[in-house]
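# Reading the structure
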Amino acid sequence: MPSKTGDHHESEKIQAEIAKLMAETSRINAELSKLDLDSKKTEAETTKLVTS
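Summarised in this report is the structure supplied together with it. (Residues numbered from 1 in each chain as written. Predicted model: local features only at pLDDT ≥ 70, side-chain atom pairs only at ≥ 80, totals over all residues. Heavy atoms only, no water.)

## Examining the overall build of the chain
Regarding its fold elements, the chain presents one helix and zero strands. Against the globule reference of 10 Å for 52 residues, the chain gives a C-alpha radius of gyration of 22 Å, more extended than a compact globule. Reported as C-alpha extents along the three principal axes, the dimensions of the chain are approximately 75 × 15 × 5 Å. Each of the 52 residues in the chain was classed as buried or not, and the buried ones make up 0%. Accessible surface computed for the chain: about 4900 Å², of which carbon and sulfur atoms make up 62%. (Helix = DSSP H or I, 4+ residues; strand = E, 2+ residues; numbered from the N terminus. Rg over C-alpha atoms; globule rule 2.2 N^0.38 Å. Buried < 20%, exposed > 50% of the residue type's maximum accessible area, 1.4 Å probe, protein only. Areas by Shrake-Rupley, 256 points an atom, 1.4 Å probe, with all protein chains shown as cover.)

## Some words on the pattern of salt bridges
Opposite charge on two side chains allows them to pair when their charged atoms are near. Tallied over the entire structure, the rule returns five salt bridges. We note a salt bridge from D36 to K40, for which the minimum N-O separation is 2.8 Å. A residue pair is termed a helical-turn pair when its members lie 3 or 4 positions apart in one helix, as D36 and K40 do in helix 1 (residues 4–51) at four residues. (Salt bridge = Lys/Arg side-chain N within 4 Å of Asp/Glu carboxyl O.)

## Observations concerning the environment of V50
Inspection of the secondary structure puts V50 in helix 1. Relative accessible area serves as the criterion here: at 65%, V50 is assigned to the exposed category. When the C-alpha positions of V50 and L37 are compared, they lie 20 Å apart, and in sequence the two are 13 residues distant.

## Considering the environment of E17
The topology assignment puts E17 in helix 1. Owing to a relative accessible area of 39%, E17 belongs among the partly exposed residues under this scheme. Between the C-alpha atom of E17 and that of T5, which follows or precedes it by 12 residues, the distance is 18 Å.

## Observations regarding a nonpolar patch on the surface
Where nonpolar side chains cluster on the molecular surface, the patch consists of I14, I18 and M22 and spans about 280 Å² of accessible area. Take I14: it is sitting in helix 1. Relative accessible area serves as the criterion here: at 43%, I14 is assigned to the partly exposed category. (Patch = residues over 30% accessible without salt bridge, like charges linked within 9 Å, V, L, I, M, F, W, Y side chains within 5 Å.)

Interpretation note: all reported values are geometric properties and have no functional meaning in isolation.
This is the structure we're talking about:
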């Protein structure tokens, strides 16, 4: 049976991994937002060129 110290260490490792995954998710979401904005800008520029 694992000791409470071992359980605590495992819990800390899991919490650290969760924190890393949350940071990575935030980074990916920021990149997706940037790509979405770039796409909207390109779409607006295309519309402007087509209607000119």
